[in-house]
Amino acid sequence: MKLLEEKILAEGKAVNENILKVDSFINHQIDPAFMSELGRELASHFADQGITKVITIESSGIAPALMTACILNVPVVILKKEPSKALNQNLYQTVVTSYTKGSSYELTMSKEHISENDHVLIVDDFLANGETATGAVRLLRKAHATIAGLGVLIEKSFQPGREKLKEQGISVYALARISKLAENQVEFIPEENEI
Ligand code: G4P
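Here the residue numbering is sequential within each chain, running from 1 through the sequence in written order. Thresholds applied to this predicted model are a pLDDT of at least 70 for local features of residues and 80 or more for the giving and counting of side-chain atom pairs; totals over whole chains, interfaces and linings are not thresholded and use all residues. For the side-chain quantities, the full set of heavy atoms in the structure was used; hydrogens and water were omitted.

## A word on the overall build of the chain
In this description a helix means any DSSP run of H or I spanning at least four residues, a strand means any run of E spanning at least two, and both kinds are numbered starting from the N terminus. The helix and strand inventory of the chain stands at six helices and 10 strands. Expected size for 195 residues packed as a compact globule is a radius of gyration near 16 Å; at 16 Å, the chain falls within 12% of this value. Overall size of the chain, expressed as C-alpha extent along the three principal axes, is 45 × 35 × 30 Å. Residue exposure (1.4 Å probe, protein chains only): buried if accessible area is under 20% of the type maximum, exposed if over 50%, otherwise partly exposed. Looking at the chain as a whole, 48% of its 195 residues are labelled buried. Whether two residues are in contact is decided by their heavy atoms, any of which lying within 4.5 Å being enough. Here the analysis covers contacts within the chain between residues at least 6 apart in sequence; of these, 64% occur between residues at least 24 apart. Accessible surface, the chain: about 9,700 Å² in total, of which carbon and sulfur atoms supply 48%. The globule rule used for comparison is 2.2 Å times the number of residues to the exponent 0.38, while the radius of gyration itself is calculated over C-alpha atoms. Calculation of accessible area relied on Shrake-Rupley with a 1.4 Å probe; when residues are assessed, cover is drawn exclusively from the protein chains displayed.

## Here we look at the packing of helix α3 (residues 32–46) against helix α4 (residues 62–72)
Angle between the axes and distance between the axes are the two parameters that describe a pair of packed helices. To get an axis, a line is fitted to the C-alpha atoms, and for a helix only the part in contact is used. The angle between two axes follows their N-to-C directions and goes from 0 to 180 degrees. Relative to each other, α3 and α4 sit at 60 degrees, their axes nearing to 8 Å. Relative to α4, the element α3 lies oblique. In terms of crossing hand, the pair formed by α3 and α4 is right-handed. Along the contact surface, α3 presents P32, M35, S36, G39, R40, L42 and A43, while α4 presents A63, P64, M67, T68, I71 and L72. Note on angle classes: values under 35 degrees are labelled roughly parallel, values over 145 roughly antiparallel, values of 65 to 115 roughly perpendicular, and the remainder oblique. By definition, turning the near helix anticlockwise from the far helix through less than a right angle yields a left-handed crossing, and turning it clockwise yields a right-handed one.

## Things to note about the environment of K80
Within the element layout of this structure, K80 appears in the loop between β4 (76–79) and β5 (91–98). Separated by 74 residues in the primary sequence, K80 and E6 have C-alpha atoms spaced 32 Å apart.

## A closer look at the nonpolar core
Among the buried residues, those of types Ala, Val, Leu, Ile, Met, Phe, Trp, Tyr and Cys that are joined through side-chain atoms within 4.5 Å form a nonpolar core. Core analysis: the largest hydrophobic core is formed by 31 residues, its most contacted members being L4, I8, L20, L153 and I154. Residue assignment for this core shows that the elements contributing at least two residues are α1 (2–11), α2 (23–27), α3, α4, β7 (119–127), β8 (146–156), β9 (172–182) and β10 (185–188). Residue contacts for I8: discarding those within four places in its chain leaves L20, F25, I154, A176, V186 and F188.

## So, α4
Of the positions making up α4, those classed as buried are A63, P64, A65, T68 and A69. Against the buried residues of α4 lie α3, β3 (53–57), β4, β7 and β8. Two residues or fewer past α4, N73 is found with a positive phi of approximately 60 degrees.

## Observations concerning the site of the ligand
In the vicinity of the ligand there are 21 residues, among which L20, T100, G130, E131 and K156 approach most closely. K81 has a polar side-chain atom sitting 2.8 Å from an oxygen atom of the ligand. Here an oxygen atom of the ligand sits 2.7 Å away from a polar atom, N or O, in the main chain of E131. Here the ligand, which alone exposes 710 Å², has 90% of that area covered by the protein. Of all the secondary-structure elements, those providing two or more residues to the shell around the ligand are β7 and α5 (131–142). Counting residues per element, the shell around the ligand draws most heavily on β7, which supplies three residues. For this scheme, ten residues count as nonpolar: Ala, Val, Leu, Ile, Met, Phe, Trp, Tyr, Cys and Pro. Four count as charged, namely Asp, Glu, Lys and Arg, and the remainder, Gly too, count as polar. Within the shell around the ligand, the residues separate by chemical class into six nonpolar, nine polar and six charged. Only heavy atoms are used to decide nearness, and a residue is near a molecule or strand if one of them lies within 4 Å of it. Whenever a nitrogen or oxygen atom comes within 3.5 Å of another N or O atom, the pair is scored as a polar contact, on the condition that within protein one atom can donate a hydrogen and the other can accept it, and that pairs from neighbouring residues in sequence are kept only if both atoms are in side chains.

In C-alpha cells:
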C-alpha cells in the first residue's frame, strides 16, 4: 500500500538491520485519519468472508484492529499479555516468546467472547517472527473458531513470520512488506510481487 510505504519512508526510522521505529504514527502516537485508511484497506481485503470478530493483541494492534472492525461492523476482542485479576476464570492461555523483546508471556483470551461460531480475522501492527500471531492461532483453535487470516500493517519479510503462518494454513495480508532494513535504509517488496 503506497500510502503506508510513503509514511514509513517519511517518518519511520530504521535503527539497524532488525528494527524499524514507527513511533510517530503507530506505536506511540497515532494519526487517526491515517490509521482509518489502513483499517479500510485491511477490511476491504477481507470483506465478503463472513468475518464475525476481529481479534488483536495488546497494545499496538488495538488501533488498526479497531479501525478494521469499524468498517467490517464487527466487535474487536483484545488478547491480553498479562491476565488481570478480573479475568481469572474461563480463559484460554498459551505461552508466547518474543525474540525481539527477549521475553515470554502468557497470551490470554476469555472464553466468553470467542466461540466455535466465530470466523475471525487477526489484526496486528507488525509481523516479525510470527510468535504472537501463531499464539493467537493456538487460542482460536482451542475455542474451535475458524480463522479468515492475518492482516498486518508491516511485515518484516526477512523474518520467518509469514512462513510460520503458512505452515499453520493461515493466509497473511500485509500493507507494507519490508525486504531489507539497515541503518536509515528501508526497502520494500514491490507490490506487483506481492502474494
Ligand atoms: P512477532 O510479533 O512476529 O512474534 O515477533 P516478535 O516476537 O519478534 O515481536 C514482538 C514484539 O516486537 C511485538 O510487539 C512486535 O510488534 C514488536 N516488533 C517486532 N519488530 C519490530 C520492529 O521492527 N519495530 C517495532 N516498532 N516493533 C517491532 P509487542 O510485544 O506486541 O508490543 P506492543 O507494541 O504491541 O505492546
